[in-house]
Amino acid sequence: VEMQCDWSPYRLRIGGEERLAHCLSLVLCCCRRLWIGFFRNERLPTLLWAHVEAFAYHGGVCQRIVYDNQTAVSLGRVERENLWNPTFLEFAKFYGFRPYTHKVGHKERSGKVERPFAYIETDFLKGQTFASWDDLNQKARVWLDTVANVRRHGTTRRLVHEAYAEEKPLLIALPSTPFPTDRREVRKVQKDGTLLVEGSFYPVPPKLVGQWVNVSLSPTRVSVLDAAGRVLVTHAVPDRP
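Residues numbered from 1 in each chain as written. Predicted model: local features only at pLDDT ≥ 70, side-chain atom pairs only at ≥ 80, totals over all residues. Heavy atoms only, no water.

Asks: Describe the packing of helix α1 (residues 44–58) against helix α2 (residues 86–95), and please don't skip the residues or the numbers.
Replies: Taken N-terminus to C-terminus, the directions of α1 and α2 make an angle of 15°; their axes are 11 Å apart at the nearest point. By the angle between their directions, the pair α1 and α2 is classed as roughly parallel. The chirality of how α1 crosses α2 is right-handed. On α2, the residues that touch Leu44, Leu47, Leu48, His51, Val52 and Phe55 of α1 are Thr87, Phe88, Phe91 and Tyr95. Here the contact of α1 with α2 is built from residues that sort into 8 nonpolar, 2 polar and no charged. (Axes fitted to C-alpha atoms, helices over the stretch in contact; angles between N-to-C directions. Helix = DSSP H or I, 4+ residues; strand = E, 2+ residues; numbered from the N terminus. Parallel < 35°, antiparallel > 145°, perpendicular 65-115°, else oblique. Left-handed = near helix turned anticlockwise from the far one by under 90°. Contact = heavy atoms within 4.5 Å. Nonpolar A, V, L, I, M, F, W, Y, C, P; charged D, E, K, R; others polar.)

Asks: Account for the pattern of salt bridges, with residues named and values stated.
Replies: Under the definition given, this model contains 10 salt bridges. Glutamate 198 is the salt-bridge partner of arginine 43, the closest N and O atoms lying 3.3 Å from each other. Highlighted residues: arginine 43 in the loop between β3 (34–39) and α1 and glutamate 198 in the loop between β10 (194–197) and β11 (200–203), separated in sequence by 155 residues. Overall, arginine 43 belongs to the partly exposed group, its relative accessible area being 47%. Among the residues examined, glutamate 198 registers a relative accessible area of 53% and is labelled exposed. (Salt bridge = Lys/Arg side-chain N within 4 Å of Asp/Glu carboxyl O. Buried < 20%, exposed > 50% of the residue type's maximum accessible area, 1.4 Å probe, protein only.)

Asks: Describe the environment of histidine 58, listing the residues and the values that go with them.
Replies: Along the polypeptide, histidine 58 turns up in helix α1. Using a relative accessible area of 0% as the deciding quantity, one classes histidine 58 as buried. A sequence separation of 32 residues divides histidine 58 from leucine 26, and the C-alpha atoms of the two residues are 9.4 Å apart. When residues no more than four places from it in sequence are discounted, the contact partners of histidine 58 are Met3, Leu26, Leu28, Arg33, Leu34, Trp35, Tyr164, Lys168 and Leu171. Here the side chain of histidine 58 touches arginine 33 through a polar contact of 3.2 Å, side chain to side chain. (Polar contact = N/O pair within 3.5 Å; in protein donor to acceptor, adjacent residues only side chain to side chain.)

Asks: An account of a nonpolar patch on the surface is requested, with residue identities and associated values reported.
Replies: Together, Leu75, Val78 and Leu83 line one region of the surface with nonpolar side chains, adding up to about 270 Å² of accessible area. One can find leucine 75 in strand β5 (residues 74–78). The exposed category is assigned to leucine 75, whose relative accessible area is 55%. (Patch = residues over 30% accessible without salt bridge, like charges linked within 9 Å, V, L, I, M, F, W, Y side chains within 5 Å. Areas by Shrake-Rupley, 256 points an atom, 1.4 Å probe, with all protein chains shown as cover.)

Asks: Before we move on, can you summarise the pairing of β3 with the specific residues and values?
Replies: Of all 6 residues that make up β3, 6 are buried, and the element is covered over most of its length. Side chains Leu34, Ile36 and Phe38 project from β3 onto one buried face, and the interleaved Trp35, Gly37 and Phe39 project onto a second face that is buried too. Strand direction decides the pairing type here: strand β2 (residues 17–28) and β3, joined by 6 bridges, are antiparallel. Across the sheet, the residue bridging to leucine 26 is tryptophan 35, located in β3. Here β2 hands over to β3 after 5 residues, with arginine 32 in that stretch at a positive phi of 70°. (Pairing = 2+ DSSP bridges.)

Below you can see the structure in the form of structure tokens.
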């Protein structure tokens, strides 16, 4: 019936530098199966992109997902009624789940996602360094598959993967096409044949110099599109600008 979702920041050595990494976790509350991903920020496009990855990993969605009171989900309350972020509410309807936010300061309501952050820090992150953001997330996936999601859970006393096998058939099935989470912007190509996006210069085909182009932005890539929506060139977001 329920998943829980939350962020936790960590200071990690990534690419030889200390960086602030924002860890998002989504846990299936019944079987305690975890998904985690590490990102540069906690903005709405990042949150939605991470959800799509987590849903694919879990193979479905629960009827309800519990959040704290982050503004990417809820803009506040009026007479105890949530003012949902319109884009997030559209996302929730697309996947068929009902978002829920607990009372401010009532972290016990989302304890199933809160408690594993200490486990993530001590069992996965402690003493680790990472060559890049991709390296961090690849190692996180290996840890999920070989440690976190095959262990015997301390509360349920069951092997997580065995409990998950029972829960998976009851999850809401995913749509054939995922929700479009990439941010779309219009940018002008500079005279040197590059696009400036969030402090980085991305080269594009010379024929586009001086033109306005559509740019699709995700936490991991920057793509330039033509008028018909076809991808002309794609670049990975670098570890540093």
